[in-house]
Every structure is written in C-alpha cells, then in structure tokens.
Amino acid sequence: MKKSLIIPIIGLIILGVSAFLFFNKNEERDNKNVTLPSSLFDTVDFYDMKPLNQKELDDFYIVNFFASWCKPCLAEHPLLMELQSKGIKIIGINFRDDEENFVKWINEHGNPFFHIIRDDGSIAYEMGLIGVPETFFIENSEIQKKVQGPLFYEDIQKYL
Amino acid sequence: MKIFKSIYNLFFIIFFSLFINISLANVNQLQDYYKTIRCLVCDGQSIQESDTEFAINLKEQIQKKYDSGMDLKKINQELVNIYGEEISFSPSNNHIILWVLPLLTLVLIFFLVRNKYRKN
Amino acid sequence: MISLLGNLSFYLTLFFIIIFYLGWGKKIFLKDQVLLNLIYLGGIIPFIFLIIGFTISDFSILNVIQNSYIDDPLFFKITSAWGSHEGSILLWIFLINFFGFIFLKSNNNFQIHKQIIFISSLFILYLLLSSNPFVYVENSSEIAGLGLNPILQHILFVIHPPTLFLGYIGLIIPFVLASHILVKKDFSQNLFKQMLFWSKISWFFLTFGIVLGSYWAYSELGWGGWWFWDPVENISLIPWLLNTALIHSLQVSIKNDQLKLWSLNLALYSFIAAVFGTFLVRSNLIVSVHSFATDPLRGLFLIVIIGYLLLVTIKLNIKSALHFNQDTFSLVSKESFLLLNNIFFIASALTVFIGTIYPLFSELFFESSVSIGAPYYNFAFNILMAPIILLMAFAPQVSWNKNENKNNKVWITILITSAISIICYFYFENIYFAIASFVASPIIIQSLIVIFKKFHKDLRFYSQWLAHLSIAIFIIAAVYTEQFDQEENFIFEKNGSSQLLMSNKNNVYLKNIKDTSYSNYQEILVELSILNDEKEYILSPSKNIYQPSGQVTNEVSTVNQWFHQYYATISSIESDRVAINLVYKPMINLLWISAIMLVFSIFLSIIKRR
C-alpha cells in the first residue's frame, strides 16, 4: 500500500468515528463522586441560628442552591413549595447573595426550606456547583441525582 | 547536512534547557494558574478571563485556599476531583499521549529525513 | 416572491448541472460553454436575492424574520444575510460558483469544471434539504423581526466571515486542479503555476480573515485576548497552515519539478481541512462562541461531502504514478529546506487538529471530557513552529540543488542571536521573551542584511522577505504583549471623583457617566481619564441594551500610545458605584501592524514583472 494513502484512510476513520459520535451524543453528565461537605451540617440556619439537626433529617432529602438574583430559581420555586407540602425536607443554600435581597425574596415568594444556609461560595465549591439553580437529591447520605438548572416536573414527579 | 544538523541540535539543546526553566518561573503564579482553569458555563474561556458568578466564585475560593497555605498542585487535584477533568485546560497525565505526540513527531521527522538523505 | 425566485434558481441550476453531466447540452440548444456560465450564474443569483430580501426587510422570508429587525440600521440588515447558518451555506454556494465563474475565464477545461459543479451541487442539495433560507412565511405584515444578535452588529463582522469564506472556498481551485493533474497524469508546469496563483489568492483571504477575526475578538469580546485556541479559530488555522505549506511546496514543483506529490496532496488536504472545519462548527460537536443551533441532518450532510472528498483523495493517490521517494536533490539545498518546511507545517496542522478533536474522542473512550486550551497549544504548537521560524531565516539564502556551504555566515548569525537573547533575558527578566527573541532574531538580522544588498528585480523576493520579516515582528510583539501586559480592577464611587493608581504609576479618574438612546439600543457610557506623564488619555467604555431582545453588551474602549494600548471595559454598574476593568497592552499595535504587513506581502509576488 502506498505511503500517501495512510492519511486519507485515517481521515475516513476519524470521519466515521465523528459520525458515530454525532449520532450518539451523550447528553447526560456524570454524577461526580462528590461527598457531602461537613460545612453543610455545621453551618447554622439563618433564622434560628442553629446547625442542622441530623436526627430530624429523613433518609431522603434535597439540597437546593438558589439566589434572589437568579431568574430560573424563581421559575422552579413553586415546585419546591409543592415538594415541601408533601413533607420532603429541603436544605436551601443561598449562594452569594445580598442579605437584604435574600430576605425580601423569601418573604415575597415563600419559604420551602427546612433549613436555610447563607453561603459565600465555599459550600458551592465543595459540591461542584456549576450555577444556580442546582438541586441535589440525597439518599442514605449519598448523592443520588443532580439537576443543573431549574427543576421541571419530570425531575420531581417520582418523589411526590 | 552539517549546517542544519548543527542548527537543529543547538536549537534542541537551548530550547529544552530553557523549557525546564519555564516550569520553575514564578511570575504571578495565581493569575497564571487561573488561566489554566476552564470556566464551565462559558464558551471555552478560562476563569481568569470570565466574569460569571461561577468564575468569580472559583477564583475567590482558590484564593482563600492559596492564602491559607495550600499549594497549587493540591488545589488543582481537589478541583479536578470535584468538577472532573474538564475543568483543567492542562490535560492530566492520563492523556500523556498529547504531550508526547509533538516530541515524538519531532524525533520521527528527524529520523525520516536522515534516512532519506542516507539513501541519496 | 423572493423565496420563490431563490428556490427556482437552485432547481434550475441543478437541472442544468445534470444536463451538463449527461452531455445533453445540444438537446436544449446550449453550447457547453454557455451551459457552464448559466450554471455558475444560477449559483450566484440566489445569494443576491437574499440580500435584496434583507435590504427591503421582506418578512415573507423566514430567514429575514429570524435575523433582522425592522429598525436595524440598513448596513447591518444587509450583513445579516450571512449571519445565520442558512445564510452562510448560501454564501458558500455563492462563492463556489463565483470562483468557478472567474476560473472559467482563464481555464475552460470542462473536466475540471465538472468537478467544481459537482461539489457545488452537493452543497446546493445540502441547502435545499436541510438549511434553506428561502422559506415562505404567510401573513407576515404584522411581523417586525427578531433582530440581529448585537454582538454581530459591528463593521468587522461584515468583513470577517466573507473574507474567511473567500479563503476556504478559494482552495477549491487548487483541489480540482490537483485532482485533474493526478487523473490525467498531466504534470505540465502551467497547471502547477495556476495552482500557485489561486492558492496565493486564497491565502490572502484566509490570512486576512483570520487577522480580522482575531482583531474582532480583541475589540468586541472584552477579554483583552486575541487568540484563544477556540475550536473555531483552530479550524481556520489548519487550512491556513496547509495553504502556506502549499505555496512553498509549489515553488519547488514549478522550479525543479520536485516535491510534486507533496504539493498535490497539500492542495487536496487544504480544501478538505476547510470543509471539515465547517462541519465541525455546524454540527455542534464543538462548543464555542461561534456555535450555531443545528439539527442532525445538517451534520450528516457535511459528513457525506467530506467523505466524498476523502474518497477522491484516496482514489487519486492510488492511481498516481508518483511516489514520495522520487525526488533527488542535495542535502543542503533550498529543496531540502522546503521539504523540511512541508513536514513541519503538516505536523503543526496535525497537532492543532488533534488538539481540537481530542476532547470528543476522550469522551468516547475515557468517559471524561478533557479540556484542551492555551497551556497545551502553547507547548505543542510552539515546539513545532519554532524550527520553521529558524529555517525561515536561513532558507532564502540557500541555493537550489546545490550543496551549500555557508557555515561561517550561519555561525555568525547564531552568535549574534544568542547575544541578543541573553541581553533580552537580563534586561526584561522574562524567559519567554528571551526565547522569542532567540527564535525571531535570525530573521530580523538576515532581513537587515538584505537591505544593504543590491536590489532584486524580481519582486517575489521582496514578497517573501516582507512576509518572513512580518512573522518575526509578530512573534516579538505577541510574546511581549502577553508577557508584559497589566490588568487592574477599579471601583469608583459615583458621587466622588476617585483617583486610583495603576501599577505603572498612572492616575485614573472617573470623569463622567452618560446615558443615551439610539435607534435600536440604549447606551450607558462611562468616561475615564488616565494621566500619564502630563498626557491625558480618555477612555469611554459602555454598556449597550438592545431592542427588541433586551440583550446587554459590553463595549470596549481603547486609546493608543504609539505601539501600546489602554483597554477598558465596565465590569458592573450599580446605583452608587462603577466597576471598571482596565488593561494595558504594550506592543499590541505592533502586532496588528505586522499582521497586516503579512497579509499584504503576498501581493508583491502576484504583480507580474514587466
């Protein structure tokens, strides 16, 4: 076989693989093996100034990152309220927010959270936050699922 | 043959000895490090260039850890563990092939050309 | 009406192409020459129709609705014609046929043109089946349009894509010529000369297009950078590298009939690289600022087109009578230096290519997505380019087909170069700049020597001299600006005029904040004053809020100080304070000047000697 054929043949192989990749794009992002940071359990609640009482937590609970400056957070808010009404405990983490704006937002729209933590970004960092809103579904102290972006009905359907 | 071989050898020697020096250069370490961390909510920028909340937060957290004494290697490893390999613009050692390839190419070229000329 | 005409024109063109292929021209009373002209015109006209549609804001065309707004300035309405995916495919078709039409004037070998119109027909089918801008919309009298993305409302956006496209598609002529040469085994010098001419034309547009894109990113995107190793930048770099190699390799093929297989394959791969690059961007496999929203069929079609081109290449190489080991020339001759040049350029192109597609493949095999950016390319690409730069200094001095023995001259140059770079290292205290000065100095030294020698009547010599010198200056400017730039973030309280110090001892004041309304946007402008040694520089960065989308853009403001530039953007505006990002970029203007010198240097080699 001629030497000059090597490159175009490799080119065709790459093309073939590109075509394969193109039609089998993996949309799901891996759930990174993130362990729940201790700061989640040590940081005091904004209102009652007490740390999380782990005995009060069920086997299943939700951690939700939000901010008053975040529009999609407002969009998913009703879903959080619904989850709360079904008795599901949600830990709310207020990400890099102004305190006044945060309080106004909670008062205006309602508080779906069982425990609220104000975060300057360090808890977000340790949990691998991409951006608000972001929701973690925790089962038996392990992260079962992560939803980046606003929650949709399909995401929470099975928990209701 | 003599000339370009000498040029080439000279170039190789100087370049590689300088290259080793590069990794020891210590100018503005933190800012340079930020340039190697990818902003995951941007289109391929590094966190150094981006002003999204994601980038700013990451810069702040890294700064905190750096100031408290953690060295950049540890910070980087932690970052990769949390966010995955894609956060770093410097491919890890799993992808050593990327780093080896250009050097391999150079060596290959050198020998190919040398053999071709031997024939002539 | 326009939609109808546009589509009709394409169907007619395809019809004529089929007639031409079957040789039935006589049956419809058209000579082949006339038929070809009609085919090319048929591919040119639809684009003009779309431009007319945008000019008159004809909202019965879907593409016009999606990409322009009734109150957009006329200039940008017109340029929105190629702002969308559909519009840019239309532009491709226009350019393929435009080049074909012009090429017909100098070369009317029908076999060659058959291949051009075949490739054109593939793209026309692609457009008609998956990316047609001429979609008719009914009841459009109430519509005002969605508007052009404000980032794209800039003079550079008008010129940058068409210029790049001219470069990409210009490469089709060398492709079909190389194809013809290999099939017919006609290695006449005249054909190679035509290939060289057309590859110079496309090189001009490619280089210019890349520089424009780079300048646009620098002045628009607000990051202060000018090259990001963004996948789309890379896929314009790969054809550029191959095109440059082609120009060099062809000189050898024309002069001494050597390196023919190299030249021919380079011609084939340059065009393939251009088309593959287009595929990569539009298939959304790569995430970048340039991404278009797409549907899968588009990606599939481009795979088909590239597959065709690769199969052609394979067939041509199998059939060719040439082998890589046929050349004979001396060890130290211009031919051997240019052979090395070919090899290094191809290796660089491959490196950029591998770096660009590696993340996709790593996702498949390692299940983790790797990010490849500046750290990797600065290492890999520069290692492979550095030998070329050094060769650039010495190769022009070497004679053809003779064993050169200018040892002394070379050693003197190396000695002076080493001295210069050592001095640079101690004066600037920067290792990267010292390396850059080492790599670029030989060229500058040789260039200076040339000035003192007698005048060459052949202008092509000065074309090469200017091009190489531009590259050397570019390297010096680029490394200098990246190593010695300074960035500061200031916060100004609105109700005072704060004074702050920048690290090179400049005083920065906030002068004024203005709020103005324009036809389709509102502008909030912050006026800054920099006092440096008795001289005052005014910077006016702004934030623009566009209608109807509400999109906010950051407008950069720059001010020049000889080769240096101050560069400011607004980080944020709040009720009581303004945050400003100020960058000092030394030598950046020298970078742009050398880039323009490089772009226009090619003209010296096209001007015919009288």
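Residues numbered from 1 in each chain as written. Chains lettered and ligands numbered in written order. Predicted model: local features only at pLDDT ≥ 70, side-chain atom pairs only at ≥ 80, totals over all residues.

Moving on: the overall build of chain C. Counting its secondary structure elements, chain C contains 19 helices and ten strands. Per-residue burial for chain C yields a buried fraction of 50% across its 610 residues. The long-range fraction of contacts in chain C, counting pairs at least 24 apart against all pairs at least 6 apart in sequence, stands at 72%. (Helix = DSSP H or I, 4+ residues; strand = E, 2+ residues; numbered from the N terminus. Buried ≥ 20, exposed ≤ 12 C-beta atoms within 10 Å, placed from the backbone. Contact = placed C-beta atoms within 7 Å.)

With that settled, the discussion passes to the interface of chain B and chain A. Contact residues are listed per partner, giving eleven residues for chain B and twelve residues for chain A. At the level of secondary structure, the elements contributing two or more residues to the side of chain B that touches chain A comprise α3 (53-67) and α4 (72-83) of chain B. No other element matches α3 of chain B, which puts six residues into the side of chain B that touches chain A. Considered class by class, the residues forming the side of chain B that touches chain A number six nonpolar, three polar and two charged. (Nonpolar A, V, L, I, M, F, W, Y, C, P; charged D, E, K, R; others polar.)

A few words now on the environment of P133 of chain A. Residues and elements named next belong to chain A. By the secondary structure assignment, P133 is in the loop between α5 (122-127) and β4 (134-139). For P133, a count of 24 C-beta atoms within 10 Å gives the class buried. Distance in space between the C-alpha atoms of P133 and E76 is 8.4 Å, their sequence separation being 57 residues. With sequence-adjacent residues up to four places away left out, P133 is seen in contact with N64, F65, F66, C70, P72, C73, E76, G149 and P150.

Quick look at the domain arrangement of chain C now. Residues and elements named next belong to chain C. As far as domains go, chain C holds domain 1 (1-153), domain 2 (157-320 + 333-392), domain 3 (406-484 + 590-606) and domain 4 (488-585). Measuring from the centre of the C-alpha atoms in domain 2 to the corresponding centre in domain 3 gives 25 Å. Across the contact, eleven residues belong to domain 2 and 14 residues belong to domain 3. If you list the elements that add at least two residues to the side of domain 2 that touches domain 3, you get α9 (189-220) and α14 (374-394). (Domains from an automatic or database assignment.)

Residues and elements named next belong to chain A. A sheet is described by the order of its strands in space; here five strands give the open sequence β3-β2-β1-β4-β5, paired in mixed fashion. Pairing within the sheet leaves two strands with one partner each, and these edge strands are β3 (115-119) and β5 (142-148). Strand-to-strand twist of the sheet, defined as the mean angle between neighbouring strand axes without regard to direction, takes the value 20°. Examined bridge by bridge, strand β1 (residues 60-66) and strand β2 (residues 90-95) share five bridges and lie parallel to one another. Of the residues in β2, the one forming a bridge with F66 is N94. (Pairing = 2+ DSSP bridges. Axes fitted to C-alpha atoms, helices over the stretch in contact; angles between N-to-C directions.)

Following the sequence through the fold, N532 of chain C ends up in strand β4 (residues 521-532). In sequence terms N532 of chain C and Q486 of chain C are 46 residues apart; their C-alpha atoms lie 15 Å from each other.

Time to look at the environment of V556 of chain C. Mapped onto the secondary structure, V556 of chain C falls in the loop between β7 (552-555) and β8 (557-561). Its 22 C-beta neighbours within 10 Å are what place V556 of chain C among the buried residues.

On to the sheet that holds strand β9 (residues 564-573) of chain C. All names here are of chain C. One open sheet accounts for four strands, arranged β1-β10-β9-β8; its pairing is antiparallel. The open sheet has two free edges, formed respectively by β1 (486-493) and β8, since each of these has just one partner strand. For this sheet, the mean angle separating the axes of adjacent strands, direction not counted, is 20°. Sheet topology places β8 next to β9; five bridges connect them, and they run antiparallel.

Here we come to the pairing of β4 of chain A. Residues and elements named next belong to chain A. Counting buried positions along β4 gives five out of six residues, so the element sits mostly inside the fold. Bridge analysis of β1 against β4 gives six bridges, and the strand direction is antiparallel. Across the sheet, the residue bridging to Y61 is I138, located in β4. From the end of β4 to the start of β5, which pair antiparallel, there are two residues, and N140 there has a positive phi angle of about 50°.

The next point concerns the packing of helix α2 (residues 32-55) of chain C against helix α5 (residues 85-106) of chain C. Residues and elements named next belong to chain C. Remark: α2 packs on α5, axes separated minimally by 8 Å, with the N-to-C direction vectors making an angle of 145°. Along this stretch, α2 crosses α5, giving a crossing that reads as left-handed. Residues L36, Y40, G43, I44, P46, F47 and L50 of α2 form the contact with α5, whose own contacting residues are G87, L90, L91, I93, F94, I96, N97, F98, G100, F101 and L104. Taken together, the residues that form the contact of α2 with α5 break down as 14 nonpolar, four polar and no charged. (Left-handed = near helix turned anticlockwise from the far one by under 90°.)

Formed by 160 residues in total, the largest nonpolar core has its most connected members in I96, I169, I172, I272 and I475 of chain C. Setting aside residues no more than four positions away along its own chain, I272 of chain C makes contact with I306, L309, L310 and T313 of chain C. Counting residues in each nonpolar core, the second largest holds 38 residues, with A67, Y125 and M127 of chain A together with Y83 of chain B among its members. (Core = buried A, V, L, I, M, F, W, Y, C linked by C-beta atoms within 7 Å.)

Our next topic: the packing of helix α7 (residues 155-170) of chain C against α9 of chain C. Residues and elements named next belong to chain C. Contact geometry of α7 with α9 gives a least axis separation of 7 Å together with a crossing angle of 150°. One element, α7, and the other, α9, form an angle in the roughly antiparallel class. Judged by the twist between their axes, the crossing of α7 over α9 is left-handed. Contacts between α7 and α9 involve L156, F157, I159, H160, T163, L164, L166, G167 and G170 from the former and W198, I201, S202, F205, L206, F208, G209, L212, G213, Y215 and W216 from the latter. Of the residues belonging to the contact of α7 with α9, the class tally is 13 nonpolar, seven polar and no charged. (Parallel < 35°, antiparallel > 145°, perpendicular 65-115°, else oblique.)

Attention now moves to the confidence of the model for chain C. All names here are of chain C. Across chain C, pLDDT averages 84, with 89% of residues at or above 70. When mean pLDDT is taken per element in chain C, helix α18 (residues 588-601) scores highest with 94 and strand β2 (residues 499-502) scores lowest with 55. With a pTM of 0.86, the predicted complex shows an ipTM of 0.78. (pLDDT = per-residue confidence, 0-100.)

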